[in-house]
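# Structural description and commentary
Spelled out, the chains give:
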Amino acid sequence: MKSKTTLSALVLLLVIAIVVVVNILVSGLGFLNFRMDLTEKGIFTLSDGTRRIVEGLNPDKPVAIRFYATSDSRLMPQWGQTYGNTVRDLLLEITKASGGKITLENIDPRPNTEEEDKAVADDIQGYTVNEEGDKAYFGLAIQSLDKKEIIPTLTPAEEGTLEYQIARALSQVTRTKRSVIGVMSPMPISGPAFNFPPGMQQNQQRPWIAIQQLRLDYDVREVPMSSEAVDSDINILLVIHPADISPRAEFAIDQFLLKGGKVIAFVDPHCLVSRAYNNPGQMGRAPTTFVSPNSDLPTLFKEWGVGYDKNLVVADMTFRTANNRRAVPTFLSIPKEGINDKEPMTEPLQLIQMFSAGSFNVAAKGNVTATTLVHSSEKSQLIDTTDAEKAMREDLKNFQASGKSQVMGVRLTGRFKTAFPDGQPKATAPAAEGPGGIPGMPGGFPGGLPPGMLPGGTGGENDKPAGAPAGEKKEEAKPSLKESANNDGVVFLFSDVDMEFDEFVVERDPMGGASMRMSNSNLPLLLNTVELLSGGADLIAVRSRSSANRPFTKLQELNANIEEQYRPRMQKIEQDLNDVVQEIAKGGGVKATQGLIMLNPNEAQAKQLQDKQVELMAKRRELIKEQTRMKDRREFLITLLNMAAVPLLIIAVGVTIAARRRSLQAAH
């Protein structure tokens, strides 16, 4: 009995020793370090883009990664210690994938040590953690030869972009040449650009975040809207809201494209950002430079086979966005269902948001092909800008789904022909000479500006022909290209400008801090597009991990179906109320006041109207309650299903295994 007990104890000790040794081999030496990533998006697996970047590193130009993380628990808060393991795991994966071309150095900077001196030398930002002024460090330095990229601070809020930041830094330290991006816009999106009056310089706004991001990896250069040519060393031309663009500026874009340049254009039928610029006192903008709220490229679109009405906005009941507890049908949150998952630049994207976007009707011509990148649902309709404005405050009363999706992002590729077969258009005179007032200014002056009121002129100057003052030399025609040199022409078009504005791209720290995080895939969409055109497609697959938002699109679709069921009954109530008003009007219950026809019912008519209104409003409230109850029941069932599905599945598997085992035992 005693020997049996001793033997059992020895076996137990032996098992423990084996477990300890295996644990050391697996976790310490990396032997048989096998992991499975069962998440839907593979968020714990190195992306293909990162893998290709590290595998493509030049062995003669090794990369050193220095990971600074203070490990002292008295200095580093718990979130830093936990997130440090995440960062370290990712760096180990990257190092392993590089096949020895990357070396990783883990550095633990503590106060008054050589490690702290190293962190300071690498520009890693330290956090002061106590009254003595001690600092904790948490950042990365990535270096190859004399090129170095720094991530001065790491925070869990940016975990979704961590792999991209590292991959981008690796790409930057090994890249030999930077592409040049031209930015053309009537708004100062690249930073201070307008001629501000003296004393207003302190109000000049910073560049849009999108431009700041581009400047990290490219040389960004402003191209004025008055340009008649685009510099030959510019690789990509980014056109943002070309409101009231001149034919000569369109000609400049046309020739840039035919010479092999790449074009990305954002147009808008109802640009919310331009309204802010036009509002004096906001955003530090000079009030004399009006920017029209809608924009297009009329001559170029016609030649490219792109139909676009700059006065129509897409309303979509499935992809609409909740705004202050209201779902606004013109503010769209477009999930994967509305994003082309076959294209490398859009495949990784999870959610694109567009605000009062327009629609393209593309029938590409000749050797140009079109590829839809972003589209609405079929429960969408084009509405005019007046209704779009109302839709931000109240429900659309006469919405009728068109039954087809609207194209809001498209890529054109192939051999383009010029939109200006007669060459560069002639220069035109200042627009104020037209009969409708100052083009670009809202409404203009009815009947045109009176003589003597033209800016800087007199009434008599109106008689001169536009653009050809007497005595001026005749403009000589310049040679121009008629067709692309090859089939490599590329144009990307998007029908919304606001989607790349700061407030619609990032969410700022609600506590007033400096940290931000991307709120959707809008910025990655732009960066992916630029990256693709500049030849760095590998980063696209990495950036996909930047967004983890998963809107409840199925639930929104189901709610839209419920609303569609109730919409005819709601419209019937509105119609009944209008019928009563019409009946009173036919009975003479109206009056004219200052040229307007006003309802003026007598006492009996007023009571009839009031009673009917009360009755109809009561019906309307009941319908809304029914509709809300149906939505609540649907949401409850979906929530219950989500909570119970996995436990029920596990129970079912367990019962099946138990039944199978019992059956086998019975057979023996």
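Residues numbered from 1 in each chain as written. Predicted model: local features only at pLDDT ≥ 70, side-chain atom pairs only at ≥ 80, totals over all residues. Heavy atoms only, no water.

Time to look at the overall build of the chain. Per the secondary structure count, the chain includes 14 helices and 23 strands. For the chain, the proportion of its 668 residues judged to be buried stands at 42%. (Helix = DSSP H or I, 4+ residues; strand = E, 2+ residues; numbered from the N terminus. Buried < 20%, exposed > 50% of the residue type's maximum accessible area, 1.4 Å probe, protein only.)

Attention now moves to helix α2 (residues 48–55). Among all positions of α2, only Gly49, Thr50, Ile53 and Val54 are buried. Burial along α2 is one-sided: seen end-on, the buried residues are contained in an arc of 125°. (Arc of directions from axis to C-beta.)

Here the focus is unusual backbone geometry. One can expect most non-glycine residues to show negative phi and most peptide bonds to be in trans. In this model, His241 sits at a positive phi of 55°, which is unusual for a non-glycine residue. Summarising the element assignment, His241 is placed in the loop between β8 (236–240) and α7 (247–258). A residue is classified by how much of its surface remains accessible, and His241, at 0% relative accessible area, is buried. Of note, Ser356 is a non-glycine position whose phi angle comes to about 55°, a positive value. On the secondary structure map, Ser356 appears in the loop between β14 (352–355) and β15 (360–362).

Attention shifts here to helix α5 (residues 162–174). For α5, which comprises 13 residues, the first-to-last C-alpha distance of 19 Å matches the rise-based estimate of 18 Å (1.5 Å per residue) to within 8%. With respect to burial, α5 is a largely interior element, 12 of its 13 residues being buried. (Expected span 1.5 Å × (residues − 1).)

When you line up the elements, Thr346 lands in the loop between β13 (326–334) and β14. Looking at Thr346, its side chain comes within polar contact range of the main-chain oxygen of Asn340, at 2.5 Å. Contacts of Thr346, omitting those with residues within four sequence positions, involve Ile339, Asn340, Leu373 and Leu525. (Polar contact = N/O pair within 3.5 Å; in protein donor to acceptor, adjacent residues only side chain to side chain. Contact = heavy atoms within 4.5 Å.)

Under the counting rule described, the total for this entry stands at 26 salt bridges. Its salt-bridge partner being Arg110, residue Asp72 comes within 3.7 Å of it at the nearest N-O pair. Note that Asp72 is positioned in the loop between β1 (63–69) and α3 (78–97) and Arg110 in the loop between β2 (102–107) and α4 (114–121), a separation of 38 residues in sequence. Under the relative-accessibility criterion, Asp72 is labelled buried at 10%. (Salt bridge = Lys/Arg side-chain N within 4 Å of Asp/Glu carboxyl O.)

A separate point is the pairing of strand β9 (residues 262–266). Buried residues dominate β9, accounting for five of its five residues. Alternating residues of β9 divide into Lys262, Ile264 and Phe266 and Val263 and Ala265, and every residue in both groups is buried. Handedness of the β-α-β unit built from β8, α7 and β9 comes out right-handed. Pairing analysis gives four bridges linking β9 to strand β19 (residues 489–494), with the strands arranged parallel. (Right-handed = clockwise from strand over helix to strand, strands pointing away. Pairing = 2+ DSSP bridges.)

In this structure the tally under the stated criterion is 15 aromatic pairs. Ring geometry for Trp79 versus Tyr127: centroids 6.5 Å apart, planes at 85°, classification edge-to-face. Separated by 48 residues along the polypeptide, Trp79 in helix α3 and Tyr127 in strand β3 (residues 126–128) bring together distant segments of the chain. Note on Tyr127: relative accessible area 26%, which makes it partly exposed. With 5.9 Å between their ring centres and 90° between their planes, Tyr83 and Phe138 make a pair best called edge-to-face. Of this pair, Tyr83 sits in helix α3 while Phe138 is found in strand β4 (residues 135–144), placing the two residues 55 residues apart along the sequence. Just as Tyr83 is buried, Phe138 falls in that class too. Through pairs of rings, three or more aromatic residues link up here, namely Phe67, Trp79, Tyr83, Tyr127 and Phe138. (Phe/Tyr/Trp six-rings, centres within 6.5 Å; stacked < 30°, edge-to-face > 60°.)

This next bit is on the packing of helix α6 (residues 209–217) against helix α11 (residues 522–533). Two numbers describe how α6 lies on α11: the axes approach to 11 Å, and their chain directions differ by 35°. Our pair here, α6 against α11, has a crossing hand that is right-handed. In contact with Ile209, Ala210, Gln213 and Leu214 of α6, α11 contributes Leu523, Leu526, Leu527 and Val530. Its residues placed into classes, the contact of α6 with α11 shows seven nonpolar, one polar and no charged. (Axes fitted to C-alpha atoms, helices over the stretch in contact; angles between N-to-C directions. Left-handed = near helix turned anticlockwise from the far one by under 90°. Nonpolar A, V, L, I, M, F, W, Y, C, P; charged D, E, K, R; others polar.)

Moving on, we come to the environment of Leu412. With respect to the element layout, Leu412 can be found in strand β18 (residues 407–414). Along the backbone, Leu412 and Phe492 are 80 residues apart, and their C-alpha atoms lie at a distance of 6.4 Å. Those residues in contact with Leu412 that lie beyond four places of it in its chain are Trp304, Val306, Val362, Val368, Thr369, Ala370, Gly489, Val490, Val491 and Leu493.

Once that is clear, we can look at a nonpolar patch on the surface. Side chains of Leu10, Leu12, Leu13, Ile16 and Val20 sit close together on the surface and give an oily, nonpolar patch of about 480 Å² of accessible area. The residue Leu12 is located in helix α1 (residues 2–28) in this model. We classify Leu12 as exposed; its relative accessible area is 52%. (Patch = residues over 30% accessible without salt bridge, like charges linked within 9 Å, V, L, I, M, F, W, Y side chains within 5 Å. Areas by Shrake-Rupley, 256 points an atom, 1.4 Å probe, with all protein chains shown as cover.)

Turning to the environment of Phe492, a few remarks are in order. As for its placement among the helices and strands, Phe492 is situated in strand β19. Separated by 121 residues in the primary sequence, Phe492 and Thr371 place their C-alpha atoms 9.6 Å from one another. Aside from chain neighbours lying at most four places away, what touches Phe492 is Val263, Ile264, Ala265, Met345, Leu373, Val410, Arg411, Thr529, Leu532 and Leu533.

Grouped together as the largest cluster of nonpolar side chains are 48 residues, with contacts concentrated most on Trp208 and Leu238. No other element matches the six residues that α11 contributes to this core. Those residues within four positions of Leu238 in sequence are excluded, and the remaining contacts are Ile181, Gly182, Val183, Met184, Ile211, Leu214, Ile264, Phe266 and Leu526. In terms of nonpolar packing, the next biggest core, distinct from the first, is built from 35 residues, Val180, Ala252, Phe256 and Ala419 among them. (Core = buried A, V, L, I, M, F, W, Y, C linked by side-chain atoms within 4.5 Å.)

Here the focus is the confidence of the model for the chain. Residues with a pLDDT of 70 or more make up 79% of the chain, whose mean pLDDT is 80. Of the regions scoring below 50 in pLDDT, residues 193–204 engages in 19 contacts with residues more than four places distant in sequence or in other chains. This stretch, residues 431–472, has a pLDDT under 50; its non-local contacts, to residues over four places away or in other chains, come to 36 contacts. (pLDDT = per-residue confidence, 0-100.)

On to the environment of Tyr137, then. When you line up the elements, Tyr137 lands in strand β4. Exposure remark for Tyr137: the relative accessible area of 4% places this residue in the buried category. Linking Tyr137 and Asp108, residues 29 residues apart in sequence, is a C-alpha distance of 8.2 Å. Among residues more than four places away in sequence, those in contact with Tyr137 are Tyr68, Ala69, Thr70, Met76, Pro109, Glu116, Ala119, Val120, Ile124, Gln125 and Gly126. Among the polar contacts listed, one links the side chain of Tyr137 to the side chain of Glu116, at a separation of 2.9 Å.

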